[in-house]
Amino acid sequence: MHNDTSQEKAYWSKEAAAMLNIATPTLRKYCNLMESHGYVFIRNAHNQRAFIQRDIIVMKNIQELFRTKDISVEQAIKTVVSELPTNQLTPSVTVLENEDLDLKQVMAEIDEIKQDNEQLK
């Protein structure tokens, strides 16, 4: 199964926390624990996490598990993350390559616009 997340809408921490009805520091705690168990989030050039729908669903599953069972958040995270397919724990090389190509394409278009502007002047 190929997970192409390059066209998927991403949310920043504040938006993701609101969707999960938790505080941003709590979201950070969840993320750190998830990463310690092998979960990988998409990150931008500034190393900030970007949350896609899959991440939100996984965290909702974690919330549901620790709220309905008598287990800790860390136990819930360990359980949910361990049940995920391996291809959801590591980023796809294809996605990273596509992101690089998209960036190169955008940069080329910016250069083209700059050249056009110079010619207009």
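Residues numbered from 1 in each chain as written. Predicted model: local features only at pLDDT ≥ 70, side-chain atom pairs only at ≥ 80, totals over all residues. Heavy atoms only, no water.

Draft legend 1. Seen up close, the packing of aromatic side chains. As enumerated under the stated definition, the model contains three aromatic pairs in all. Their ring planes at 80° and their centres at 6.3 Å tell us that Y30 and F66 sit as a pair that is edge-to-face. Of this pair, Y30 sits in helix α2 (residues 24-36) while F66 sits in helix α3 (residues 53-68); the two residues are 36 residues apart in sequence, bridging distant segments of the chain. With a centroid separation of 5.4 Å and 70° between ring planes, the pair formed by F41 and F51 is classed as edge-to-face. Of this pair, F41 sits in the loop between α2 and β1 (42-43) while F51 sits in the loop between β2 (49-50) and α3, and the two are ten residues apart along the sequence. The buried category is assigned to F41, whose relative accessible area is 5%. Residue F51 is classed as buried on the basis of its relative accessible area of 0%. Through pairs of rings, three or more aromatic residues link up here, namely Y39, F41 and F51. (Phe/Tyr/Trp six-rings, centres within 6.5 Å; stacked < 30°, edge-to-face > 60°. Helix = DSSP H or I, 4+ residues; strand = E, 2+ residues; numbered from the N terminus. Buried < 20%, exposed > 50% of the residue type's maximum accessible area, 1.4 Å probe, protein only.)

Draft legend 2. Local environment of the nonpolar core. Of all hydrophobic cores here, the largest spans 25 residues; its most connected members are L27, M34, F51, M59 and I62. Elements that contribute at least two residues to this core include exactly α1 (13-20), α2, α3 and α4 (73-83). If we ignore the near neighbours within four places in the chain, the residues touching L27 are S13, A16, A17, L20, I22, F51 and M59. (Core = buried A, V, L, I, M, F, W, Y, C linked by side-chain atoms within 4.5 Å. Contact = heavy atoms within 4.5 Å.)

Draft legend 3. Inspection of the pattern of salt bridges at higher detail. What the rule picks out here adds up to three salt bridges. In this structure, E35 engages R43 in a salt bridge whose closest nitrogen and oxygen atoms are separated by 2.7 Å. For R43, a relative accessible area of 31% puts it in the partly exposed group. For the salt bridge of E35 with R49, the shortest nitrogen-to-oxygen distance reads 2.8 Å. Of the two residues, E35 sits in helix α2 while R49 sits in strand β2, which places them 14 residues apart along the sequence. (Salt bridge = Lys/Arg side-chain N within 4 Å of Asp/Glu carboxyl O.)

Draft legend 4. Quick look at the confidence of the model for the protein chain. Averaged over every residue, the pLDDT of the protein chain is 79; the share at 70 or more is 64%. Of the regions scoring below 50 in pLDDT, residues 92-101 engages in nine contacts with residues more than four places distant in sequence or in other chains. (pLDDT = per-residue confidence, 0-100.)

Draft legend 5. The arrangement of the packing of α3 against α4 in detail. One can describe the packing of α3 onto α4 by two numbers: an axis separation of 9 Å at closest approach and a directional angle of 130°. What the angle tells us is that α3 and α4 run oblique. Every pair of crossing elements has a handedness; the one defined by α3 and α4 is right-handed. For the pair α3 and α4, contact is made by V58, N61, I62, L65 and F66 and by V73, A76, I77, T79 and V80, respectively. (Axes fitted to C-alpha atoms, helices over the stretch in contact; angles between N-to-C directions. Parallel < 35°, antiparallel > 145°, perpendicular 65-115°, else oblique. Left-handed = near helix turned anticlockwise from the far one by under 90°.)

Draft legend 6. Quick peek at the side chain of Q63. Turning to its location among the elements, Q63 is positioned in helix α3. Excluding its chain neighbours within four sequence positions, the residues that come into contact with Q63 are L20, I22 and Y30.

Draft legend 7. Representation of unusual backbone geometry in the model. Notably, N21 is not glycine yet its phi reads approximately 60°, a positive angle. Residue classification places N21 among the exposed residues on the basis of a relative accessible area of 70%. In this structure, N47 takes a positive phi of about 65° despite not being glycine.

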